[in-house]
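So the chains spell out like this:
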Amino acid sequence: MSDPQNPQTPGGPSTGAAPQQPPATTNVLLQKEKRERNVAERPTLFTLLLKDKVATVAAAVLAFIALVAVFGPLLVGELASKQDLTAINVAPFSLDNGWAFILGSDSLGRSMLARLVIATGTTLGVAVPAVLVALIVGSIWGVWAGYFRGWRESVSMRIADIIMSFPSLLLAVVILYVFNPSLANIVAVLALTRIPIYLRTARAEAAELRSRMFVDAATNFGTKPRSIIFRHIVPNVVPTLVTLATLEFCYVMLAESSLSFLGIGVQSPDVSWGLMVAQGRQYLQQAWWLSVLPGLAIVITAVAANVLASWLRIATDPNQKWRLMQKSAKVKLRPSLPTREPAGEV
């Protein structure tokens, strides 16, 4: 006789139920699915940038300036150096003399639009390499000193203190006054004066990360210091250094403009924004655009870079990134209920 209560006995009724997975396997699958969903829903930096209208405008302005610096000289050709004595100090915003004089002309009849385009390439050609050289040298040096500590850190910090003890702009003035103020010398001097900023920042970040538990775990498992630096230290230091480099770009650009304004920066026949301001200052009463337009270009670029740096500081900080991930929603006000008038006395 078969037992109907026991499905294992011969002849007993079959339940037909599939064997259930162990709870541990189910939890692992659920956690894996949750991680994949979080990764898929995690917004990229570009998506976060589009949510911030002010930062998007700043990034668009900087992108436009970069395109002008790269492709502008190919479009204007020799208009920046071509003189036309019949069109001296032409007022801007007029097409009577052609599209090249839409922003007016200078005291030699040269197109201000073409000169601004060439000056954009010169200014960025000095600021960007100086920032990159200081960023690379200072970051590598600072991470090396902060990770290994000891005498490496002490010597590095003393060298940084010596360089920073001199005002950076004054040091650049002295060096360029002694040597030839060429573009290569300007880049080298500006990079040298800004290396301690990246050195101190990278050293502090690396020293703090060196004491973290995941670095200690990697060390205990026998991971080589080089692998720890490139896999664990550098990825956590890069966001801070990129934000710092964006801010430093403003300072380097203003420093180059100041040196050119003083006459020890970019020299003629080359042209930069600072040199244009210096050349047009004696015509401020007759032709204000000679100095105002390049000065406006400096201000717009500096403001856009500062806005983008402020956004990058928030976007790359895990503790503040949630502020950008929140979707802006309009607050719906609940319609007010009609007030009840008090009942009159009978």
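How each quantity is defined
- Residues numbered from 1 in each chain as written.
- Predicted model: local features only at pLDDT ≥ 70, side-chain atom pairs only at ≥ 80, totals over all residues.
- Heavy atoms only, no water.
- Phe/Tyr/Trp six-rings, centres within 6.5 Å; stacked < 30°, edge-to-face > 60°.
- Buried < 20%, exposed > 50% of the residue type's maximum accessible area, 1.4 Å probe, protein only.
- Lys NZ or Arg CZ within 6 Å of the ring centre and 35° of its normal.
- Axes fitted to C-alpha atoms, helices over the stretch in contact; angles between N-to-C directions.
- Helix = DSSP H or I, 4+ residues; strand = E, 2+ residues; numbered from the N terminus.
- Parallel < 35°, antiparallel > 145°, perpendicular 65-115°, else oblique.
- Left-handed = near helix turned anticlockwise from the far one by under 90°.
- Contact = heavy atoms within 4.5 Å.
- Nonpolar A, V, L, I, M, F, W, Y, C, P; charged D, E, K, R; others polar.
- Salt bridge = Lys/Arg side-chain N within 4 Å of Asp/Glu carboxyl O.
- pLDDT = per-residue confidence, 0-100.
- Patch = residues over 30% accessible without salt bridge, like charges linked within 9 Å, V, L, I, M, F, W, Y side chains within 5 Å.
- Areas by Shrake-Rupley, 256 points an atom, 1.4 Å probe, with all protein chains shown as cover.

J.: Sorry, what's going on with the packing of aromatic side chains here?
T.: Aromatic ring pairs: the centre-centre distance and the angle between the two ring planes describe each pair. Applying the stated criterion to the full structure yields three aromatic pairs. Here the aromatic rings of Y147 and F148 are separated by 5.1 Å at their centres, their planes lie at 85°, and the arrangement is edge-to-face. The class of Y147 is buried, set by a relative accessible area of 6%. Since its relative accessible area comes to 35%, F148 is described here as partly exposed. Centre to centre, the rings of W288 and W289 are 5.7 Å apart; their planes meet at 85°, and the pair counts as edge-to-face. The exposure class assigned to W288 is partly exposed, which follows from its relative accessible area of 38%. Over the aromatic face of Y147 sits the side chain of R210, whose NZ or CZ is 4.7 Å from the ring centroid.

J.: Just to check I follow, could you spell out the packing of helix α5 (residues 151–164) against helix α7 (residues 183–210) for this structure?
T.: What describes two packed helices is the angle between their axes and the distance between those same axes. In contact at an axis separation of 9 Å, α5 and α7 are set at 140° when each is read in the N-to-C sense. What the angle tells us is that α5 and α7 run oblique. As for the relative orientation of α5 and α7, their crossing is left-handed in sense. Of α7, the residues touching α5 (which contributes E153, S156, M157, A160, D161, I163 and M164) are L192, P196, I197, L199, R200 and R203. Residue classes in the contact of α5 with α7 are distributed as eight nonpolar, one polar and four charged.

J.: Would you take a moment to explain the pattern of salt bridges for this structure?
T.: Oppositely charged side chains may form a pair once their charged atoms are brought near each other. Tallied over the full model, the rule gives nine salt bridges. Taking the shortest distance from any N to any O, the salt bridge between D161 and R200 comes out at 2.9 Å. In this pair, D161 sits in helix α5 while R200 sits in helix α7, placing the two residues 39 residues apart along the sequence. For the salt bridge of D216 with R210, the shortest nitrogen-to-oxygen distance reads 3.9 Å.

J.: It is not clear to me how the confidence of the model for the protein chain should be interpreted in this structure. Could you clarify?
T.: Low-confidence regions, as indicated by low pLDDT, have predicted coordinates that should not be scrutinised in detail. Chain-level statistics for the protein chain give a pLDDT mean of 82 and a share of 80% at 70 or above. For the protein chain, per-element mean pLDDT is lowest for helix α1 (residues 23–41), which scores 58, and highest for helix α4 (residues 112–148), which scores 94. Confidence over residues 7–15 falls short of pLDDT 50; this stretch has nine contacts with residues more than four positions distant or in other chains. Contacts of residues 327–346 to residues separated by more than four positions or lying in other chains number one contact, the stretch itself having pLDDT below 50.

J.: What's the story with the environment of Q279 in this structure? I'm lost.
T.: Within the secondary structure layout, Q279 lies in helix α10 (residues 273–280). In this structure Q279 comes out as partly exposed when scored by relative accessible area, which is 29%. Along the primary structure Q279 and D106 are separated by 173 residues, whereas in three dimensions their C-alpha atoms are 9.4 Å apart. Beyond its immediate stretch of four places on either side in the chain, Q279 contacts R115 and S268.

J.: Explain a nonpolar patch on the surface to me, please; I cannot follow it from the model alone.
T.: A contiguous nonpolar surface patch, about 500 Å² in accessible area, is contributed by V128, L132, V133, I136, V137 and I140. Secondary-structure assignment places L132 in helix α4. Its relative accessible area of 44% is what places L132 among the partly exposed residues.

J.: What should I look at first to understand the environment of T193 in this one?
T.: By the element assignment, T193 lies in helix α7. Look at T193 and you get buried, because its relative accessible area is 8%. Sequence-wise, T193 and A172 are 21 residues apart; in three dimensions their C-alpha atoms are separated by 7.7 Å. What T193 contacts, discounting residues up to four positions off in sequence, is S168 and L171.

J.: Please clarify how unusual backbone geometry should be interpreted in this entry.
T.: Trans is the prevailing form of peptide bonds, just as negative phi is the prevailing case for residues other than glycine. Residues S268 and P269 are joined by a peptide bond in cis, for which omega reads 10°. In this fold, P269 is placed in the loop between α9 (225–262) and α10. One non-glycine residue with positive phi stands out, namely F93, at about 60°. For F93, a relative accessible area of 60% corresponds to the exposed category.

J.: Sorry, what's going on with the side chain of R110 here?
T.: By the secondary structure assignment, R110 is in the loop between α3 (53–76) and α4. With relative accessibility at 16%, the residue R110 sits in the buried group. Residues in contact with R110, not counting those within four places in the same chain, are A80, S81, K82, Q83, F101, G104, S105 and R115.

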